[in-house]
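Listed here are the chains, written in short residue letters.
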Amino acid sequence: MATKQLQDFSLSNIWYTIRSWPRVLKLLWDIHKGYLSILILINILQAVVPVLSLLATQNLVNQVMVAQKTGDFSLVLWGFGFLIGIGLCNELLNIIENYCNSIFKTILSNTLGYKIMEKSTQLKLADFEDPNIQDDLKRAQMEANYRIFEIFSQMIAFVSGVVTLISAVSVVAVWKWWIAVILMITPFISFISFFRLGQERFFVQYKRASRFRFSWYLFFLISKDNGFREIKLFGLEKYILNKYNKINETFLTEDRNLAKKQVKISLTFEFLDHIVIGSIILFILWTTFIGKMLIGNLVGMVQAVNLTYSTSNTLIHNVLTLCENNLFIQQLFHYLDLTTKSKSDSLKDIELSTIESIEFRNVYFQYPDMDRPALNRISFTLKKGETLALVGENGSGKSTLVKLITQLYDDFQGDILINGISIKSIDVTELRRKIGVVFQDFVQYEMPVRSNIGFGDLDRMDDDQALLDAAQKAGIQSVIEQMPKRLETQLGQWFDESLQLSGGQWQRLAIARAFMRKADLYILDEPSSFLDPKAEMDVFNRFKELVTDKLGIFISHRFSSVRFADKILVLDQGEIVEQGTHRELMALDGLYAELYQLQVSSYIMEKDKQTNQEIYM
């Protein structure tokens, strides 16, 4: 879209910019009608001030000359009072404008930030995993807040400039119409050159999005505590700093080249413009010298010429800047206009009262740009009161299966039935309210304990007893009780008075968050990644108690835990290769038995090693 617009200069681009004004104005109107109306009115009033000031000055000079001859100074006082009054009114308008601008700009920035965040919440997981959409998001974040205010300011300035130009041209045209035409045409000579420069500037910024994201990631790595540890241990400081510096150096080089081009264009056309303006003013001086113009008219006409030229020049540059800014604003609208509805959203109107069963029927799912399916012909049934364990090597499709159940991905073939009803017909929000999940890459919220647990059920986040019950079920209550502010303790390291937890403690908080939800289905995706075997066994025992008369799914690489599940699915390269109980799968002597024996043997070897060390000590 943007690349095509940058390929050549055309008046259609300017027309497209003007056509986008209604949408920009509607956005601004929706944000705050009052401030927008005041700012528009103020700018229209300010548009006529320069010409009124010009005419007042011209009249004052002429009145002084008349007073010298007549001796009547009262006319001078009236003219002086009128001039001072115009100046005071203009200053008052400027004060009001500055106040309204500062408030409106803050409201605009906050509202647009909210809209971008709100749009992000409406996207699907697949969208967030798309680097192109990530670039769109970064472009919207980088430019939108101040660019759209600039567009508004320039739109107002454009309208105001047109009013000023018409007024100033009228003054000049009354004397010599052809001079007015020259003054209006002269700035257009530089229009094409500046327009192309604006296009190039946008194109440079457009291509920066992915590099800007990477530089932000490098900054994040070196400022985040878990990344900082590895950076220190592996001595990566200079490497990352050099990477960061190289990216910024390329930005500087690009900006320097653009600045050099702008200087060359500006110097060339400013020289030509001053020759034209100088010639016109010289002609006015000659006309006055030969007695065909009064001194007051001389002053007024020189001001009118300068005002006409400067206003024409400003209008041209406003159009150029509007076109350039419009290209950036298109990125904001492009992001806000991203399609967020899934293929079957219009059918999702069935609400769930409870989840009694889950059935996969020949489910097939493949990630974009992957050469093989993540899940292939998956079929199984899970009923209320049962627990299901998913095992398999990394990349076998275990976590993907969970993401299909929770509808983070909905573009799959086959069907998933909830209580015998297709998941494609069930309201997604209602479905997710019935599910409590701990993902493998769970979030460590840099917020108080209350938020870290309460996010599992926002309606009960102020219920201390419910929070502590969830913490008790996850085995983290005793830790919370010892914290300085208990549930109000700030966690993490980003903010003041924060308390950092161990990996296992963070994971138990995530489990408590899932247990906080009054769910029918609980899912633990690798809940033992930060837990030792004893702590893991404790979590699974608590999990089994929790899912009594409910549905439970858990994923783990530790077979000592999964063997207690009612049903075990063994996945390999996206397919179910074995299923049954632990006893049945061991009797089958297949992949599950092989993986189980490997893990058991490694435990035995480790135990023998520890025993031998104790003997020799």
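Remember, it's a predicted structure, so these values are computed and weren't measured experimentally.

A.B. asks: I keep staring at the pattern of salt bridges and nothing clicks. Help me out?
C.D. replies: Between side chains of opposite charge, a pair can form when the charged atoms approach closely. With the rule as written, the count across this model stands at 10 salt bridges. With its nearest N and O atoms 3.1 Å apart, the salt bridge here joins R211 to E254. Here R211 is found in helix α10 (residues 209-223), whereas its partner E254 is found in helix α12 (residues 237-289), with 43 residues between them in sequence. Owing to a relative accessible area of 26%, R211 belongs among the partly exposed residues under this scheme.

A.B. asks: What am I meant to see in a nonpolar patch on the surface here?
C.D. replies: The grouping of W177, W178, V181, I182, M184, I185 and F283 at the surface amounts to a nonpolar patch, some 640 Å² of accessible area in total. For V181, the position within the fold is in helix α8 (residues 177-185).

A.B. asks: Quick question: what am I supposed to make of the sheet that holds strand β6 (residues 435-438) here?
C.D. replies: Hydrogen bonds along the backbone pair up the strands of a sheet, which may run parallel or antiparallel. The 6 strands are arranged β6-β9-β10-β3-β11-β12 in an open sheet whose pairing can be described as mixed. Edge positions in the open sheet fall to β6 and β12 (575-580), since each of these has one partner strand only. The sheet shows a mean angle of 15° between the axes of neighbouring strands, direction not considered. Pairing analysis gives 4 bridges linking β6 to strand β9 (residues 521-525), with the strands arranged parallel. From the neighbouring strand, I435 faces β9, where its bridge partner is L521. Of the strands in this sheet, β6 and β9 are in contact with helix α19 (residues 503-516), which crosses β6 at around 175°.

A.B. asks: Just to check I follow, could you spell out the packing of helix α3 (residues 21-31) against helix α4 (residues 33-70) for this structure?
C.D. replies: The geometry of a pair of packed helices is captured by two quantities: the angle between their axes and the separation between those axes. At a minimum axis distance of 6 Å, the contact between α3 and α4 shows a crossing angle of 120°. When the interaxial angle is binned, α3 and α4 end up oblique. Across the interface between the two elements, L25, L28, W29 and I31 from α3 touch K33, L36 and S37 from α4.

A.B. asks: Just checking my understanding: could you explain the sheet that holds strand β2 (residues 375-383) for this structure?
C.D. replies: Read from one edge of the open sheet, 4 strands run β2-β1-β4-β5, paired in antiparallel fashion. Every interior strand has two partners, whereas the edge strands, β2 and β5 (421-422), have only one. Pairing geometry for strand β1 (residues 357-365) and strand β4 (residues 413-418), over 5 bridges, is antiparallel. Note on β4: the bridge partner recorded for I358 is I418. Sitting on the sheet, helix α14 (residues 398-405) is in contact with β1, β2 and β4, with an inclination near 120° to β1.

A.B. asks: I keep staring at the environment of A47 and nothing clicks. Help me out?
C.D. replies: Mapped onto the fold, A47 is located in helix α4. Counting along the chain gives 111 residues from A47 to F158, while the straight-line C-alpha distance between them is 10.0 Å. The contacts of A47, once residues within four sequence positions are left out, are S160, V163 and T164.

A.B. asks: Is there a simple way to explain the side chain of K398 in this structure?
C.D. replies: Along the chain, the position of K398 falls in helix α14. In this structure K398 comes out as buried when scored by relative accessible area, which is 6%. One polar contact links the side chain of K398 to the main-chain carbonyl oxygen of G392, over a distance of 3.1 Å. Separated by 3.4 Å, the side chains of K398 and S396 make a polar contact. Among residues more than four places away in sequence, those in contact with K398 are L390, V391, G392, E393, I555, H557 and L571.

A.B. asks: Sorry if this is basic, but what is going on with the confidence of the model for the protein here?
C.D. replies: The predicted coordinates ought not to be read in detail in places where the model reports low pLDDT. On average, the protein scores 77 in pLDDT, and the residues at 70 or more come to 85%. No element of the protein has a lower mean pLDDT than helix α1 (residues 2-5), at 41, and none a higher one than β1, at 89. pLDDT under 50 marks residues 343-347. Its contacts with residues more than four places away, or in other chains, come to 5 contacts. Across residues 611-617, confidence stays below pLDDT 50; counting only partners more than four residues off in sequence or on other chains, it has 0 contacts.

A.B. asks: I keep staring at the UniProt feature "transmembrane region" (unreviewed entry) in the protein and nothing clicks. Help me out?
C.D. replies: Taking the numbering used here, the UniProt-annotated feature "transmembrane region" (unreviewed entry) corresponds to residues 35-55, 75-96, 148-171, 177-198 and 271-295. Each end of residues 75-96 is marked by a C-alpha atom, and these two atoms are 32 Å apart; helix forms 100% of the span and strand 0%. Summarising residues 271-295: 80% helix, 0% strand, and an end-to-end C-alpha distance of 28 Å.

A.B. asks: Just to check I follow, could you spell out the packing of aromatic side chains for this structure?
C.D. replies: Here the distance between the centres and the angle between the planes together describe a pair of aromatic rings. A full pass over the atoms with the stated rule returns 8 aromatic pairs. Geometrically, the ring pair formed by Y367 and Y409 is edge-to-face, given 5.4 Å between the ring centres and 85° between the ring planes. Taken as a pair, Y367 in the loop between β1 and β2 and Y409 in the loop between α14 and β4 lie far apart in primary sequence, 42 residues in all. Judged by relative accessible area, which is 23%, Y367 ranks as partly exposed. Judged by its relative accessible area of 3%, Y409 is buried. Three or more aromatic residues joined by ring pairs make a cluster, and in this case those are W175, W178 and F283. Positioned above the aromatic ring of F412, the side-chain terminus of K424 is 5.1 Å from the ring centre.

Quick notes on the rules
- Numbering of residues starts from 1 in every chain and runs along the sequence as written.
- Reporting of local features is limited, given that this is a predicted model, to residues whose pLDDT is at least 70; pairs of side-chain atoms are given and counted only at 80 or more, and all residues count toward the totals for whole chains, interfaces and linings.
- Note: side-chain values were computed over all heavy atoms of the structure, leaving out hydrogens and water.
- Definition used for salt bridges: Asp or Glu carboxyl oxygen within 4 Å of a side-chain nitrogen of Lys or Arg.
- In this description a helix means any DSSP run of H or I spanning at least four residues, a strand means any run of E spanning at least two, and both kinds are numbered starting from the N terminus.
- For every residue, the accessible area (1.4 Å probe, protein chains only) is compared with the maximum for its type, and the residue is labelled buried under 20%, exposed over 50%, or partly exposed between those bounds.
- For patches, a residue must show more than 30% relative accessible area and have no salt bridge; joins then use 9 Å for like charges and 5 Å for nonpolar side chains, namely Val, Leu, Ile, Met, Phe, Trp and Tyr.
- Using a 1.4 Å probe, accessible areas were evaluated by the Shrake-Rupley method; residue-level cover was limited to the displayed protein chains.
- We treat two strands as partners when DSSP finds at least two bridges between them.
- For helices, the axis comes from a line fit to the C-alpha atoms of the stretch in contact; other axes are also lines fit to C-alpha atoms, and the angle between any two N-to-C directions lies between 0 and 180 degrees.
- In what follows, a contact means two residues having at least one pair of non-hydrogen atoms within 4.5 Å.
- Here roughly perpendicular refers to angles of 65 to 115 degrees, roughly parallel to angles under 35, roughly antiparallel to angles over 145, and oblique to all remaining angles.
- We define a polar contact as two N or O atoms separated by no more than 3.5 Å, with the added condition that, inside protein, one atom must be a possible hydrogen donor and the other a possible acceptor, whereas residues neighbouring each other in sequence contribute only through side-chain atom pairs.
- pLDDT is a residue-level measure of predictor confidence that goes from 0 to 100.
- UniProt positions are given in the numbering used here, feature names are shortened, and annotations may be inferred rather than shown by experiment.
- Between the rings of Phe, Tyr and Trp (Trp by its six-membered ring), a pair exists once the centres lie within 6.5 Å; its type follows the angle of the planes, with under 30 degrees stacked, over 60 edge-to-face, and the other angles tilted.
- We call a charge positioned over a ring when the NZ of a Lys or the CZ of an Arg lies within 6 Å of the ring centre and within 35 degrees of the ring normal.

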